[in-house]
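As a plain string of letters, each chain reads:
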Amino acid sequence: MQIWKMYKHDLDEGICMRAVYLLLPVLIALFSCIGMHYKLVQLIHLSSSMGSGTVLDYWLYFIEGGKQYTFSVYNFFL
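Residues numbered from 1 in each chain as written. Predicted model: local features only at pLDDT ≥ 70, side-chain atom pairs only at ≥ 80, totals over all residues. Heavy atoms only, no water.

## Quick look at the overall build of the chain
Phase 1 of the analysis: A tally of helices and strands in the chain yields three helices and zero strands.
Phase 2 of the analysis: Counting from the amino terminus, helix and strand elements in the chain follow one another as α-α-α.
Phase 3 of the analysis: Going through the 78 residues of the chain one by one, you find that 3% of them count as buried.
Phase 4 of the analysis: Accessible surface computed for the chain: about 7600 Å², of which carbon and sulfur atoms make up 72%. (Helix = DSSP H or I, 4+ residues; strand = E, 2+ residues; numbered from the N terminus. Buried < 20%, exposed > 50% of the residue type's maximum accessible area, 1.4 Å probe, protein only. Areas by Shrake-Rupley, 256 points an atom, 1.4 Å probe, with all protein chains shown as cover.)

## Details of the pattern of salt bridges
Phase 1 of the analysis: Following the criterion strictly, the structure yields two salt bridges and no others.
Phase 2 of the analysis: A salt bridge links D12 to K8, with the nearest nitrogen and oxygen atoms 3.2 Å apart. Of this pair, D12 and K8 both sit in helix 1 (residues 2-16), four residues apart, roughly one helical turn.
Phase 3 of the analysis: On the accessibility criterion, K8 (46% relative accessible area) is partly exposed. (Salt bridge = Lys/Arg side-chain N within 4 Å of Asp/Glu carboxyl O.)

## Remarks on a nonpolar patch on the surface
Phase 1 of the analysis: A surface patch of nonpolar side chains, amounting to about 660 Å² of accessible area, comprises M1, I3, W4, M6 and Y7.
Phase 2 of the analysis: Checked against the element boundaries, I3 lands in helix 1. (Patch = residues over 30% accessible without salt bridge, like charges linked within 9 Å, V, L, I, M, F, W, Y side chains within 5 Å.)

## Examining the confidence of the model for the chain
Segments scoring low in pLDDT should not have their predicted coordinates read at a detailed level.
Phase 1 of the analysis: Confidence along the chain averages 78 in pLDDT terms, with 81% of residues attaining 70 or more.
Phase 2 of the analysis: Model confidence for the chain, summarised as mean pLDDT per element, is weakest for helix 3 (residues 55-63) at 74 and strongest for helix 1 at 85. (pLDDT = per-residue confidence, 0-100.)

This is the structure:
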């Protein structure tokens, strides 16, 4: 019976009283995944019309490419 009282106190104080601290990370994760889901849906529509690609093609689509590399003799690491 003592353990049940400790569990009840833990649930009341931990989840019920401070639900914001549990809800906030869940909402942040949910909203950050919405953009990735939108891009995945676009990728599915794009790949169905253009055919299948490699993993690197999908990765470049997700990160939307990068800036063009310009070779420099003096600066090897840009």
